[in-house]
Amino acid sequence: MSSGMGARAWLAVVAALFAVACGDSGGGDVPAADGGGLGSESDSGPVSCTAEMANAASTVGCNGGFQGEPAENEPGGRCTPGTDEMPAGTCSTEMSICMGDLTGSGMGWCVNTCAPPEALIDAQTCPSGYRCFRMGTGVDAYGLCYRDCDAEHPCQEGWTCNPELGRCEETPPS
């Protein structure tokens, strides 16, 4: 989270964004865009995105495959953070906010929010190549879209693949 946005403000922002654009895009059962590998159709049909943390890596690529290097102000791309009142900053995608980076550079990353899924992981309204992870519990739960990755599909610059979850996470400063 950016240093200027407290936990309560963050939850208020997420709740407001859900109220504006909540819903299921139907993207949970989409074959991979890269034409094969994880996320491609099996003999029984498309791979589901619904999973618990214990089998998170089994759904990598389920929501449209894997993405290349993100463009500035697009999901996963660099952006200029906004304010508590306008958290999207320069992010141009609906349901996206610009969260300050861990290095404190004054720049951030466009992160998409999603309604907290019933399972710990689902596609929800995440962009293609991303899955929605439930964060928190109860009334404090919210969802964040994380980009999919694996050994053949690395993360964007500044991020590292968590192989157990199959998601890109910002690389902490050393």
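The shown structure was predicted, so the numbers you read here are calculated from the model rather than taken from an experiment.

Conventions we followed
- Residues numbered from 1 in each chain as written.
- Predicted model: local features only at pLDDT ≥ 70, side-chain atom pairs only at ≥ 80, totals over all residues.
- Heavy atoms only, no water.
- Phe/Tyr/Trp six-rings, centres within 6.5 Å; stacked < 30°, edge-to-face > 60°.
- Helix = DSSP H or I, 4+ residues; strand = E, 2+ residues; numbered from the N terminus.
- Buried < 20%, exposed > 50% of the residue type's maximum accessible area, 1.4 Å probe, protein only.
- Pairing = 2+ DSSP bridges.
- Contact = heavy atoms within 4.5 Å.
- Core = buried A, V, L, I, M, F, W, Y, C linked by side-chain atoms within 4.5 Å.

Draft legend 1. Here's a closer look at the packing of aromatic side chains. Here the structure, examined in full by the defined rule, presents two aromatic pairs. Between Trp109 and Trp159 the ring centres are 5.4 Å apart and the planes differ by 85°, which places this aromatic pair in the edge-to-face class. Remark: Trp159 occurs in strand β7 (residues 159-162) and Trp109 occurs in strand β3 (residues 108-114); sequence separation between them is 50 residues. The residues Trp109 and Trp159 share a single accessibility class, namely buried.

Draft legend 2. Highlighting the pairing of strand β5 (residues 130-135). Of all the six residues making up β5, five are buried; the element is thus mostly covered by neighbouring parts of the structure. For strand β4 (residues 121-122) and β5, the ladder comprises two bridges, and the chain directions are antiparallel. Across the sheet, the residue bridging to Ile121 is Phe133, located in β5. By the bridge criterion, six bridges tie β5 to strand β6 (residues 142-147) in an arrangement that is antiparallel.

Draft legend 3. Geometry of the side chain of Asp101. Positionally, Asp101 belongs in the loop between β2 (96-100) and β3. When its relative accessible area of 10% is taken as the criterion, Asp101 is described as buried. Those residues within four positions of Asp101 in sequence are excluded, and the remaining contacts are Arg78, Met107, Gly108, Trp109 and Glu170.

Draft legend 4. Seen up close, the nonpolar core. The biggest cluster of nonpolar side chains holds 13 residues, and the ones touching the most others in it are Ile121, Phe133, Met135, Leu144 and Tyr146. Elements with a minimum of two residues in this core: β2, β5 and β6. It is β6 that contributes the most residues to this core, three residues altogether. The contacts of Tyr146, once residues within four sequence positions are left out, are Gly129, Tyr130, Arg131, Phe133, Met135, Arg167, Cys168 and Glu169.

The values are spatial; any link to function lies outside them.
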